[in-house]
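Next come the chains, spelled out residue by residue.
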Amino acid sequence: LILDSLQNEGTFGLVVNAMISNTEEDLSYFESNGPILKDLLRVKSVKAYLDGALGSRGALLRAPYHDLPEHYGLPLLAPSDLDLLRDRCLQNDWQLCVHAIGDSAHHVLLESFNELDREKDLRFRVEHAQIMTPEDSAYYTHPNIVASVQPTHATSDMYWAEERLGHHRIGHAYSYKRILNASGLLALGTDFPIEHIDPLNTFFAAVDRTDKQHWPEGGFNADQKLSPKEALEGMTFGAAYSAFGEAQYGSIKIGQRANFTVLNQDLFNSAERQRKSCKVVKTILSGKVAFETK
């Protein structure tokens, strides 16, 4: 309601795709009052959590943690409850977006979403998708399973993730290229405030898979790097598509909002591209200059 009021007043010009929480209070209110679908505000999605985070050993794994034997993680939603929520969202024409980090939670979610109708336009989202056994990537051929991932998780976690997962499983983590090859589309984001808000961090984490000191050499799990084109498409069209907004924003073409950013570097030129010196020169929002360096 605050976002709606601010946008009606013209004091907040950003497009927002908001999600309600998976609580009975929010779901019942949503059922009684319906979604919000306005020019700048879309509220037609539900956010749920299947497990916790990898760092706290809350991500739900299929085998025990390497550094804590007999501990599998933290289940937050039973598979039967997930299916009930999925069906409730389908009945109300809501999009369901579910946090799944561990390979067990990821597998449970993919199995549930695999039962979705392939003909309807549903776009149910897997949030984070950090650890995935390779064979599970086949689920992403389903047209209504969309991976919403944050590449900076890989570069934030790479210092200690192998301690949690062990040598064998670390190769199955942050498999963005594997998912993209199966699905043809990724939605890339920052995961702010958990990670830094700067989307340039997202881009460089996706294409280089290193920190600002260029460690590790060659990149972390380098076979899962995205190309500059793939990363930018995920940050623009892919993100818009995952929010049902691709007709309004996410591309530079006639009929869309004129949202774009001018940088001081060519991100497609590997010789010129440097994270430490890459800066925003100008930001255009709905055709108006929102930021410009002096």
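Before reading further, recall that the structure is shown in the block above.
Since we're looking at a predicted model, the values are computed, not measured. (Residues numbered from 1 in each chain as written. Predicted model: local features only at pLDDT ≥ 70, side-chain atom pairs only at ≥ 80, totals over all residues. Heavy atoms only, no water.)

Asks: Lay out the pairing of strand E4 (residues 95-100) with the relevant residues and their values.
Replies: Counting buried positions along E4 yields six of six residues, so the element is predominantly enclosed. Of the two faces of E4, both are covered, the one formed by Gln95, Cys97 and His99 as well as the one formed by Leu96, Val98 and Ala100. Bridging between strand E3 (residues 41-49) and E4 involves five bridges; their strand directions are parallel. When the sheet's bridge partners are listed, Val46 is paired in E4 with Leu96. For the crossover that starts at E3, traverses helix H3 (residues 79-92) and ends in the parallel E4, the hand is right-handed. (Buried < 20%, exposed > 50% of the residue type's maximum accessible area, 1.4 Å probe, protein only. Helix = DSSP H or I, 4+ residues; strand = E, 2+ residues; numbered from the N terminus. Pairing = 2+ DSSP bridges. Right-handed = clockwise from strand over helix to strand, strands pointing away.)

Asks: If you had to explain the pairing of strand E9 (residues 280-285) to someone new, which residues and values would you point to?
Replies: Judged from the four bridges that link them, strand E8 (residues 260-263) and E9 form a sheet pairing that is antiparallel. Residue pairing for E9: Leu263 is matched across the bridge by Val280. As defined by bridge partners, E9 adjoins strand E10 (residues 288-292) across four bridges and the pair is classed as antiparallel. If you follow Leu285 over to E10, its bridge partner there is Lys288. From the end of E9 to the start of E10, which pair antiparallel, there are two residues, and Ser286 there has a positive phi angle of about 50°.

Asks: Can you explain the packing of H3 against helix H4 (residues 103-113)? Please cite residues and give values.
Replies: Viewed as axis vectors pointing N to C, H3 and H4 meet at an angle of 40°, and their least axial separation amounts to 10 Å. By the angle class used here, H3 and H4 are oblique. Remark: the crossing between H3 and H4 carries right-handed chirality. Only Val108, Leu109 and Ser112 of H4 make contact with H3, whose side of the interface consists of Pro79, Leu82, Asp83 and Arg86. Here the residues of the contact of H3 with H4 are counted per class, giving four nonpolar, one polar and two charged. (Axes fitted to C-alpha atoms, helices over the stretch in contact; angles between N-to-C directions. Parallel < 35°, antiparallel > 145°, perpendicular 65-115°, else oblique. Left-handed = near helix turned anticlockwise from the far one by under 90°. Contact = heavy atoms within 4.5 Å. Nonpolar A, V, L, I, M, F, W, Y, C, P; charged D, E, K, R; others polar.)

Asks: Tell me what's going on with helix H9 (residues 228-242), and back it up with residues and numbers.
Replies: Relative to the 21 Å expected for 15 residues at 1.5 Å per residue, H9 spans 20 Å between its end C-alpha atoms, a close match to the ideal helical length. Along its length, H9 shows its largest kink, about 40°, at Gly234. Within the span of H9, buried status applies to Pro228, Ala231, Gly234, Gly238, Ala240, Tyr241 and Ser242. Buried-residue contacts for H9 involve E4, strand E5 (124-128), strand E6 (145-149), strand E7 (187-188) and helix H8 (199-207). Phe244, located one to two residues past H9, shows a positive phi value of around 60°. (Expected span 1.5 Å × (residues − 1). Bend = angle between axes of the 7 residues up to and from the residue.)

Shape is all these values report; function is a separate question.
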